[in-house]
Amino acid sequence: MSYNRGGHASEGLLLADEKNSTADSRDLLLTRLGHDEEIAGTLRTFRGVQPGSVLEEDDRILNGYASSRLVVDLLTTATHLSSNLQALIVVDTEDGTDVSAPLHGPYALIRAHMESTSQALWLMAPQSRRARIKRCIQHWCAETKLFNGFQHEWSKSFCPRESIGYEDLRVIALGADLSLEGFPDKKRWAPVGSGEILKSIEFAHEEATLTWFNSWQLCSGFAHSKQWASKIFNEHEGTTDGVTTTSSLASKTSLPVLASVMHEAGLLLDEASRRYGQLATTPDSAWPR
């Protein structure tokens, strides 16, 4: 069971609505990027989980696989991507700050931003400690499997390294009274894809005009230069026939569309940051059982 989302979501920008002016989209983008900078500053100065908090107890059980450090790394990665996005699209002109973006580059950054942030929120979403511990172990099982798979290929070009075992994770799972059925290879412990993660955390996204999953899909479409994305959202100027599509790769991105998905990505970062602060500061003794 996951937590109940409190409060009200921020008002969203209607996707690709012709009534949205370029100025409104620019202002929304600049405001969002500035807010991500503030979150980055908070993460840099945050002293970590408070003694006796919910996350400190989670970390104690997870031992060297502490979820709090993993979550902070994921959120920090998202803010770094936001900073890179700002460097890519924000320009200073004689009339002040403006936004000018290449067609597909920003969407690749926003997609990675959403994948990192959604992973963080997914790890923290369950109210149950056992469920949070299980997700964290599941994450590290996936990381271990990927490393062991890649290191075989790396050994062809670099010094070989030993594979990583699962024994420490097995001990943690046993200590948390988790079922080891299928551990570590079967579906119960298999990696969870970004799409499934985004769908599972949508409950925390109130009054959305565009779901986080759909935002991520749209970013993926543009990032991979898929014509369906450009045609559906009229991203290219002029017609969308094959000749024009091929020649329009140097055109600029539609600011209302870009602002919409960045706004949704920002709401996801806000919610993940809020959830982290909640778990890192709430006394474990006061946490609902």
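Our structure is the block above this text.
Residues numbered from 1 in each chain as written. Predicted model: local features only at pLDDT ≥ 70, side-chain atom pairs only at ≥ 80, totals over all residues. Heavy atoms only, no water.

Participant: Which parts of the structure should I look at to understand the packing of aromatic side chains?
Facilitator: Counting across every chain of the model gives 6 aromatic pairs. It is Lys134 that lies over the ring of Trp189; its NZ or CZ is 5.1 Å from the centre. Between Lys199 and the ring centre of Phe213, over which it is positioned, the NZ or CZ distance is 4.6 Å. (Phe/Tyr/Trp six-rings, centres within 6.5 Å; stacked < 30°, edge-to-face > 60°. Lys NZ or Arg CZ within 6 Å of the ring centre and 35° of its normal.)

Participant: Looking at this model, I keep getting lost on unusual backbone geometry. Mind explaining?
Facilitator: What you tend to see is this: most non-glycine residues have negative phi, and most peptide bonds are trans. Between Phe183 and Pro184 the backbone carries a cis peptide bond, its omega angle lying at -5 degrees. Positive phi outside glycine occurs at Asn63, with the angle close to 55 degrees. The topology assignment puts Asn63 in the loop between α2 (54–62) and α3 (67–89). Even without a glycine there, the phi angle at Asp177 is positive, about 60 degrees. Following the sequence through the fold, Asp177 ends up in the loop between α6 (167–175) and α7 (194–200). (Helix = DSSP H or I, 4+ residues; strand = E, 2+ residues; numbered from the N terminus.)

Participant: Explain a nonpolar patch on the surface here, please?
Facilitator: Together, Leu146, Phe150, Trp154 and Phe158 give the surface a local cluster of nonpolar side chains, amounting to about 450 Å² of exposed area. Along the chain, the position of Phe150 falls in helix α5 (residues 129–154). (Patch = residues over 30% accessible without salt bridge, like charges linked within 9 Å, V, L, I, M, F, W, Y side chains within 5 Å. Areas by Shrake-Rupley, 256 points an atom, 1.4 Å probe, with all protein chains shown as cover. Salt bridge = Lys/Arg side-chain N within 4 Å of Asp/Glu carboxyl O.)

Participant: Got a minute to help me understand empty space enclosed by the protein in this structure?
Facilitator: Gaps between atoms show up when a probe of the same size as a water molecule is rolled over them. The final tally for this structure, using the stated rule, is 2 cavities of 30 Å³ or more. The calculated volume of the largest cavity comes to roughly 50 Å³. The class makeup of the residues in the lining of the largest cavity is 7 nonpolar, no polar and 2 charged. Of the volumes computed, that of the second largest cavity is approximately 30 Å³. Looking at the second largest cavity, the residues that line it are Leu55, Asp58, Ser67, Val71, Leu123, Met124 and Arg132. For the lining of the second largest cavity, the secondary-structure elements that each account for two or more residues are α2, α3 and α4 (105–124). For the lining of the second largest cavity, the residue count by class is 4 nonpolar, 1 polar and 2 charged. (1 Å grid on protein atoms, 1.4 Å probe; cavity = no way out; pocket = protein on both sides within 12 Å on 5 of 7 lines; lining within 4 Å. Points joined across faces, edges and corners; volume = space filled by probe spheres on them. Nonpolar A, V, L, I, M, F, W, Y, C, P; charged D, E, K, R; others polar.)

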